[in-house]
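# What the coordinates show
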Amino acid sequence: MPYETGAKVKLTRDVQVTANDTAGRIGFPGPLCLAEGLVGVVTGSANEAGGGLAQDGLAEFERQVRGAQFDAFTAGVIDNLRQQIIQRGGIDAGVGTQIRYRVRFDNGFVLGGLDEGWLTAA
């Protein structure tokens, strides 16, 4: 269900804050997670190419490595795996357009790149 700017939403899962990119996508995992149930307001949205089996695979991969801290070499290997999953998405027959949201949460954090499936109406 698409959300309009100004809509109150809450997270349906924990989201790890990453460096060098948007939440839930590529980037080096940071030590900070925003907890499921955190409420915020949609401040913007954008259509992005994505979806299909590769997007589901990336989400599952992120769930498996979330919360772990890695040395620089291992973080590089994990980032390489993310890139391979994303590149696979480019040739996936299910590729389409997805809406990604920017949300300002009640605790002051602003995250961009949140998938619609990660949010629910508050």
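Residues numbered from 1 in each chain as written. Predicted model: local features only at pLDDT ≥ 70, side-chain atom pairs only at ≥ 80, totals over all residues. Heavy atoms only, no water.

### Observations regarding the overall build of the chain
The test is simple: Numbering of helices and strands runs from the N terminus; a helix is a DSSP stretch of H or I covering at least four residues, while a strand is a stretch of E covering at least two. With a 1.4 Å probe rolled over the protein chains alone, any residue whose accessible area is under 20% of its type maximum counts as buried; one over 50% counts as exposed, and the rest are partly exposed. By the convention used here, residues are in contact when the closest approach between their heavy atoms is within 4.5 Å. Values of accessible area rely on a 1.4 Å probe in the Shrake-Rupley scheme; residue burial ignores everything except the protein chains shown.
Check the secondary structure of the chain and you find 2 helices and 7 strands. Moving toward the C terminus, one meets the helices and strands of the chain in the order β-β-β-β-α-α-β-β-β. Sorting the 122 residues of the chain into buried and exposed places 35% on the buried side. Relative to all contacts within the chain whose residues are 6 or more apart in sequence, the contacts with residues 24 or more apart total 70%. Accessible area for the chain stands at about 6800 Å²; split by element, carbon and sulfur atoms hold 53% of it.

### Overview of the confidence of the model for the chain
Just so we agree on the cut-off: The quantity called pLDDT is the predictor's confidence in a given residue, expressed from 0 to 100.
Taken residue by residue, the chain gives an average pLDDT of 75. The fraction at 70 or more is 66%. Across the chain, element-level confidence peaks in strand E1 (residues 8-11) with a mean pLDDT of 93 and bottoms out in helix H1 (residues 52-65) with 67.

### Here we look at the nonpolar core
As a reminder of what qualifies: Side-chain atoms within 4.5 Å link the members of a nonpolar core, which is a set of buried Ala, Val, Leu, Ile, Met, Phe, Trp, Tyr and Cys residues.
Grouped together as the largest cluster of nonpolar side chains are 14 residues, with contacts concentrated most on Leu11, Val103, Phe105, Leu111, Leu114 and Leu119. Per-element accounting of this core gives the leading share, 3 residues, to strand E5 (residues 96-105). Once residues within four sequence positions are removed from consideration, Leu11 is found in contact with Leu34, Ala35, Glu36, Gly37, Leu38, Phe105, Leu114, Trp118 and Leu119.

### Regarding the side chain of Asp115
Filter applied, for reference: Counting rule applied: Lys, Arg positive; Asp, Glu negative; His and chain ends not counted. We define a salt bridge as a contact between a side-chain nitrogen of Lys or Arg and a carboxyl oxygen of Asp or Glu at a distance within 4 Å.
You can see Asp115 is positioned in strand E6 (residues 110-115). Buried within the structure, Asp115 lacks any salt-bridge partner; Arg100 is the closest side chain of opposite charge, at an N-O distance of 4.2 Å. For Asp115, the contacting residues outside a window of four places in its chain are Gln98, Ile99 and Arg100.

### Topic: the packing of aromatic side chains
Condition: Ring pairs shown here join Phe, Tyr and Trp side chains whose ring centres sit within 6.5 Å, with only the six-membered ring taken for Trp; geometry is labelled stacked below 30 degrees between planes, edge-to-face above 60, and tilted in between.
Tallied over the entire structure, the rule returns 1 aromatic pair. Ring geometry for Tyr3 versus Tyr101: centroids 5.6 Å apart, planes at 70°, classification edge-to-face. Here Tyr3 is found in the segment before E1, whereas its partner Tyr101 is found in strand E5, with 98 residues between them in sequence. Judged on exposure class, the residue Tyr3 and its partner Tyr101 are both buried.

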